[in-house]
Every structure is written in C-alpha cells, then in structure tokens.
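# Per-entry structural report
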Amino acid sequence: MRIIFRVPHPFMNVQVFFFNENYIIKFQLGDYEQSIRFPASDLEDPKNLARILDDSEIVEMLKNNFLKLREVAHRFLQSENQERGEEIT
C-alpha cells in the first residue's frame, strides 16, 4: 500500500493510499482510525477525495464514529479488567 497524499485537517490525520486498484482514505484521531475504500474506476481524480472534508455532515459523522470507537474500546477494556479481577479472586 502506498500513500498518495495527506489532507490537512485541524484535528484528524487524513491520508489517501492506493492499493489493489482502490483508493483508501484513512482518518486517524489519537489511537483510533477508520477508513473508506473507493474503487479507482469510480474516481476521476483521487485529489477529489480531499473534498470529503468540505462536507460538515460527513465530518460530524466521522467524529461520532470516533466517539463510538472509543466507547467500544473502553467497554472492552473494562470487561477484560473485570475478567482478570474475577480470575484473581
């Protein structure tokens, strides 16, 4: 997988990759990341992927997904700690 370009954003690290005839836009915030794959045949110019961040509704959805990912991670770690605690006693 090779990186094509980075998209500047105030709170997310955004990178566009090319792999197996697909463009992959990866959003990273802290320890969490999410990505969207687009077939190369569907895009005239991969630079247009940067426009995804021009849509405030999409950015809001991405932020909400990050919050959900964080909740999932915390819930998993809590259950792991509870299991360890139960095994100790």
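Before any of the text, the structure's been laid out above.
Within every chain, residues take consecutive numbers counted from 1 along the sequence as written. Only residues with pLDDT of 70 or above have their local features reported here, since the model is predicted, and side-chain atom pairs are shown and tallied only from 80 upward, although totals for entire chains, interfaces and linings are computed over all residues. In computing side-chain values, all of the structure's heavy atoms are included and hydrogens and water are not.

Let us now look at unusual backbone geometry. If a residue is not glycine, its phi is most likely negative; likewise, a peptide bond is most likely trans. The phi dihedral of N20 is positive, around 50 degrees, even though this residue is not glycine. A run of H or I in DSSP counts as a helix once it spans at least four residues, and a run of E counts as a strand once it spans at least two, with each numbered from the N terminus. Here N20 lies in the loop between strand 2 (13-19) and strand 3 (22-29). Within the chain, E21 stands out as a residue other than glycine whose phi angle is a positive 60 degrees. Secondary-structure assignment places E21 in the loop between strand 2 and strand 3.

In this section: the packing of aromatic side chains. Between two aromatic rings, the relevant description is the distance of the centres plus the angle of the planes. For this analysis, a ring pair means two rings from Phe, Tyr or Trp (six-membered ring only for Trp) whose centres lie within 6.5 Å, classed as stacked if their planes differ by under 30 degrees, edge-to-face if by over 60, and tilted for the remaining angles. Evaluation of the coordinates by the stated rule reveals one aromatic pair. The ring of F5 carries K47 above its face, with NZ or CZ at 4.2 Å from the centroid. Think of it as a cone above the ring: NZ of Lys or CZ of Arg counts as a charge over the ring if it is within 6 Å of the ring centre and within 35 degrees of the ring normal.

Between buried and exposed lies partly exposed: a residue is buried under 20% and exposed over 50% of the maximum accessible area for its type, with that area taken using a 1.4 Å probe on protein chains only. Given the relative accessible area of 56%, N20 is considered exposed. Counting along the chain gives twelve residues from N20 to P8, while the straight-line C-alpha distance between them is 25 Å.

The next subject is the side chain of Q34. Tracing the backbone shows Q34 in strand 4 (residues 32-39). By relative accessible area, which is 14% here, Q34 ends up buried. Reaching out from Q34, the side chain makes a polar contact with the backbone oxygen of L62 at a distance of 3.1 Å. Contacts are residue-level and defined by heavy atoms, with any inter-residue pair within 4.5 Å sufficient. Filtering out sequence-adjacent residues up to four positions away, Q34 remains in contact with I25, K26, F27, L62, N65 and F66. For this analysis, a polar contact is any N or O atom pair within 3.5 Å, provided that within protein one partner can donate a hydrogen and the other can accept it, and provided that sequence-adjacent residues contribute only side-chain to side-chain pairs.

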